[in-house]
Amino acid sequence: MKIYRKISVLAIAALVAATGFIGCSEDSLDTNQYGKSGVNILSFGPMPITRGETMRLTGTQLNNVRQVLFPEGNQKITPATTYIPGEFSLKGNEEMTVTIPDQCVPGKLRLVTSNGDTIVSASNITFAEEIKVTSFSPASIHPGDIVTIKGEYVWNIGQVVFFDHVVVEAENFLKNTRNEIQLRVPMEAKSGEIAYNNGTDGADNVAIGQLSVDAPTATGVSNANPEFGEVITITGVNLDLVTKLDFPAVENVDFMVAEDGNSIKVTVPNNTVSGKIVMTSAADLTTSVDVTLPLATVTSTSPVKDVKAGQTITIKGDKLDRITHLILPAVDAIWTDFTKSANQINFVVPEGMGDGKVILVQHENYSVESDKISMYSEAPETTIWSGNFYIGNWNAGMQDLAWGGYDWSTAKPGQVLTVYLTPDMSEGWSQIRVGNGSWAPLPGTSDVNPLTAEDTKFSVTLTQAMIDEMVNNGGLVICGAFFTIHKITLSILETTIWSGSFALGSWAAGMQELAWGGYNWATVSAGTTLKLYYEVDASVGYINIRFGNGSWVALPSTQGWGSDGNASPDPSETSIKTVLTDADMNELINNGGLVICGAGIICKKVVLL
């Protein structure tokens, strides 16, 4: 037989073996053991011993002991544990002798006190008769069923040890006689070696054979492409051993096992994803089946370049009717204002949306992303860094705007941070991250952002959380792989005082919504920039633009634009501006406000910055 060492749980095992006595008190190393209160077992022995012999037991207040009980053999198959009393003789309050009953089996010694309390020994009683195992059956078994071990003096077995240190103590045996023991196979048992020992600390485990223990095995599923909320049936064998069932992203799902153990019924959670349904037994053995759930996918996004507020973005794909909400770049609110069908989602771009990908959320554990969207920006910007800084494969970070290189406390929420760059696609890929001084991504930004060969810039609309992060944690570091930075800018925030669509025709009308009380110009200071955004009206054939007072007289600062202050910009231009002077403010405040007149343009927006 194969013999291997059982791990000792007491550091004093060597001392016990040398003396033949077993210390049983929890504080048996106390230098004043006999000063304890109440009845205590300090030691007994010699061990191992032969039935019918007398052993010596030491302790405290043993005069209060009414019975000495030993684990009893020939136990019935019952949850109860029975004991047999042994004859004892007191040798004073601290010592007694006890005769070992013939039907005693390995286990804990118990002292019953005069007031009915039971004192249990820390160690087992063991016997000198040599254990000889001749057979065990069955060789293949289901957890929870009974295994029988036969031989000579098998009632001296203190523990039966299954593979991977799963132990059944002698006191939990269902039957325990000289020639036969029976025990229930623990649910935690696995296939492998079955062994025994005599129950003493540091005892050798003696292998008696290989035991095949049933394990759960899933063989199929009623529907491998189920709908959310659908009840599916998993088939297999020994599925009654399953104690835990996990769907992808959803653990501990309730399930029902058939009486024959060959199938499990379970409802598909509404927040799972495609993957493996994993079933686990008490022995920590797993089996699984694959399922594919109806999850949304994205195939295209349009438009993606120079997108403006008010435009409609179309995202195409499959199962998009299952999308519950969108997360738009730089938009804090959950976005639900969209239309959807199985193959398409449409939404109107709101003011304030930034560059990035739209996240389409199906449920809490699954979402997909659109292609990267770049917003059109008419806002002026100021350059905060320029040069040529090459970043290889995450080998360097551009830190000129970190650790005091720029005062980020001057930045404002809503400003657009833009990195102008040229991707190096020689390796077939390029990536960028905007991070704090420790290279961690700024709040609300992705850890890694792919770049394409067509990208010339990467923009982020600053939030207060981003600004706080840069102020408190080292500023801005741009890092990534395979691109060159040329310039970094911050947009200049504008205040829109009018927007709409007003065609000037050919001096046929003046845009007077900001004149004659339409706007309180007294709130504006000299030095403020007044800017008009417009579209060219090609049907007129020429362009004139005048910023005038309420009587259409050109503002003083624009007199140099042309005759009578009439500008004639190139048709490629889409905006014109002037810095307001004290003289301009006098006209706007005291002479009727602002009238924009001229020809060949459609006024779209007037801003102050």
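Owing to the predicted nature of the structure, the values given are computational and were not obtained by experimental measurement.

Describing the overall build of the protein chain
Consideration 1: Scanning the protein chain from terminus to terminus reveals three helices and 45 strands.
Consideration 2: A globule of 609 residues ought to have a C-alpha radius of gyration of about 25 Å, yet the protein chain, at 43 Å, is considerably larger.
Consideration 3: Along the first, second and third principal axes, the C-alpha set of the protein chain runs to 130 × 60 × 50 Å.
Consideration 4: For the protein chain, with 609 residues in total, the buried portion stands at 47%.
Consideration 5: If you sum the accessible surface of the protein chain, you get close to 27900 Å²; carbon and sulfur atoms cover 49% of it.
Consideration 6: Within the protein chain, one finds 37 positive and 64 negative side-chain charges whose respective centroids are separated by 6 Å.

A look at the sheet that holds strand β33 (residues 366-373)
Consideration 1: Read across the open sheet, the three strands follow the order β29-β32-β33; overall the sheet is antiparallel. Since the sheet does not close on itself, it has two edges, and those belong to β29 (325-327) and β33, each with one partner. Neighbouring strand axes in the sheet, compared pairwise and without regard to direction, differ in orientation by 25 degrees on average.

Re helix α3 (residues 582-590)
Consideration 1: For α3, the full list of buried residues reads Asp584, Met585, Glu587 and Leu588. Seen end-on, α3 carries its buried residues on one side only, within an arc spanning 160 degrees. Exposed residues lying more than 90 degrees from the buried face of α3 are Asp582 and Asn590.
Consideration 2: Buried positions along α3 lie against β43 (575-579).
Consideration 3: Positive backbone phi, approximately 95 degrees, marks Gly592, located one or two places after α3.

Rules of the game
- Residues numbered from 1 in each chain as written.
- Predicted model: local features only at pLDDT ≥ 70, side-chain atom pairs only at ≥ 80, totals over all residues.
- Heavy atoms only, no water.
- Helix = DSSP H or I, 4+ residues; strand = E, 2+ residues; numbered from the N terminus.
- Rg over C-alpha atoms; globule rule 2.2 N^0.38 Å.
- Buried < 20%, exposed > 50% of the residue type's maximum accessible area, 1.4 Å probe, protein only.
- Areas by Shrake-Rupley, 256 points an atom, 1.4 Å probe, with all protein chains shown as cover.
- Lys, Arg positive; Asp, Glu negative; His and termini not counted.
- Charge placed at Lys NZ, Arg CZ, Asp CG, Glu CD.
- Pairing = 2+ DSSP bridges.
- Axes fitted to C-alpha atoms, helices over the stretch in contact; angles between N-to-C directions.
- Arc of directions from axis to C-beta.
- Contact = heavy atoms within 4.5 Å.

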